[in-house]
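Geometric and topological summary
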Amino acid sequence: ESILGVNSRIQLAQAETVMRKRINEAHMRNGVTLINPDCTYIDKSVIIEKDCIIYPNCHIKGNSVIGEDCIIRENTTIEDSHIEDHVTIKSSTILSSKVGTRTTIGPYAYLRPKSVLGEDVKIGDFVEVKNAEIGNGSKASHLSYIGDAVVGKNVNIGCGVVFVNYDGK
């Protein structure tokens, strides 16, 4: 495996499989549970702390860090993001964002770049957050868009709420 040649797309896929297996095995040796390692894609640069459970078809990329005791459910993409301890993410996409301790996300939530969620936050079904800070204990349970905003502590954002601070540029 160490001297595989890469002269075709078939050989490239074979080499990629070998590297993905090595990366996943290293995480499992460090106390991470991968439900199906063959269907879990983790970049070499990713840091995952112990006692996390990662379900199949997750893609964790770039400079992402995942804290202890997190649950990352199937079909989740995390890229260049920091996820703190005891977070649960269900079938969602998180890009260049920070997620605080004991927060739950999804299913089908989308955190776009520069989203910062505090502790004990809930971002639910079909909620999109972009360039926004959401304070500790706040909730957006479903069908909402939060863009270019600062949301305080313990705020409950109702279904269908859309707000942005777009300046036209």
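Quick note: structure is the one above.
Here the structure is a predicted model, which means the values were calculated and not measured.

1. So, the nonpolar core
- Judged by nonpolar contacts, the single largest core of 34 residues is most densely connected at I48, I54, I66, I83, I105, I123 and I146.
- For this core, the elements supplying multiple residues, two or more each, are β5 (58–61), β16 (122–130) and β18 (139–147).
- Not counting residues up to four positions away in its chain, the partners in contact with I146 are E128, V129, K130, A132, I134, A140, V151, I157 and F163.

2. Quick notes on the environment of I71
- Residue placement: I71 occurs in strand β7 (residues 71–72).
- The class for I71 is partly exposed, based on a relative accessible area of 29%.
- Between the C-alpha atoms of I71 and T88, which are 17 residues apart in sequence, the distance is 4.7 Å.
- Ignoring any residue separated from it by four or fewer positions in sequence, one finds I71 in contact with I53, Y55, V87, T88 and I89.

3. Examining the pairing of β18
- One ladder, built from seven bridges, connects β16 with β18; its direction is parallel. Directly across from E128, in β18, lies its bridge partner Y145.
- In the sheet, β18 pairs with strand β20 (residues 156–157) via two bridges, with the strands oriented parallel. Along β20, the bridge assignment pairs K139 with N156.
- When β18 meets strand β21 (residues 162–163), the two strands line up parallel, connected through two bridges. Considered in β21, the bridge of I146 is made with F163.

4. As for the pairing of β5
- Here β5 shows one buried face, formed by C58 and I60, and one open face, formed by H59 and K61.
- The pairing of strand β2 (residues 40–42) with β5 spans three bridges and is classified as parallel. Pairing of Y41 across the sheet is with H59, part of β5.
- Sheet topology places β5 next to strand β8 (residues 77–79); three bridges connect them, and they run parallel. Across the sheet, the residue bridging to I60 is I78, located in β8.

5. With respect to the sheet that holds strand β6 (residues 65–66)
- Reading across from one edge, β3-β6-β9-β12-β15-β17-β19 is the order of the seven strands in this open sheet, with parallel pairing throughout. Lying at the two open borders of the sheet, with one neighbouring strand each, are β3 (47–48) and β19 (150–151).

6. Examining a negative patch on the surface
- On the surface, E49, D51, E68, D69 and D85 cluster together into a patch of negative charge.
- Along the chain, E49 turns up in the loop between β3 and β4 (53–54).
- When its relative accessible area of 34% is taken as the criterion, E49 is described as partly exposed.

What counts and how
- Every chain's residues receive numbers from 1 upward, in the order its sequence appears when written.
- At least 70 in pLDDT is required for a residue's local features to be given in this predicted model, at least 80 for side-chain atom pairs to be given and counted, and no such filter applies to totals for whole chains, interfaces and linings, which use all residues.
- Note: side-chain values were computed over all heavy atoms of the structure, leaving out hydrogens and water.
- Among buried residues, those of type Ala, Val, Leu, Ile, Met, Phe, Trp, Tyr and Cys that are joined through side-chain atoms within 4.5 Å constitute a nonpolar core.
- When accessible area is computed with a 1.4 Å probe and restricted to protein chains, residues below 20% of their type maximum are described as buried, those above 50% as exposed, and intermediate ones as partly exposed.
- Helical segments are the DSSP runs of H or I of at least four residues, strand segments are the runs of E of at least two, and each set is numbered from the N terminus.
- Contacts are assigned to residue pairs that have any heavy atoms within 4.5 Å of one another.
- In this analysis, strands are considered paired if DSSP registers two or more bridges between them.
- Only residues whose relative accessible area exceeds 30% and that take part in no salt bridge are eligible for patches, with like-charged residues grouped when within 9 Å of each other and nonpolar side chains (Val, Leu, Ile, Met, Phe, Trp, Tyr) grouped when within 5 Å.
- For the area figures, the Shrake-Rupley method with a 1.4 Å probe applies, and any residue is considered shielded solely by the protein chains shown.
- The working definition used for a salt bridge is a side-chain nitrogen of Lys or Arg within 4 Å of a carboxyl oxygen of Asp or Glu.
- For this count, His and the chain ends are skipped, Lys and Arg are scored as positive, and Asp and Glu as negative.
- Charge positions are represented by NZ for Lys, CZ for Arg, CG for Asp and CD for Glu.

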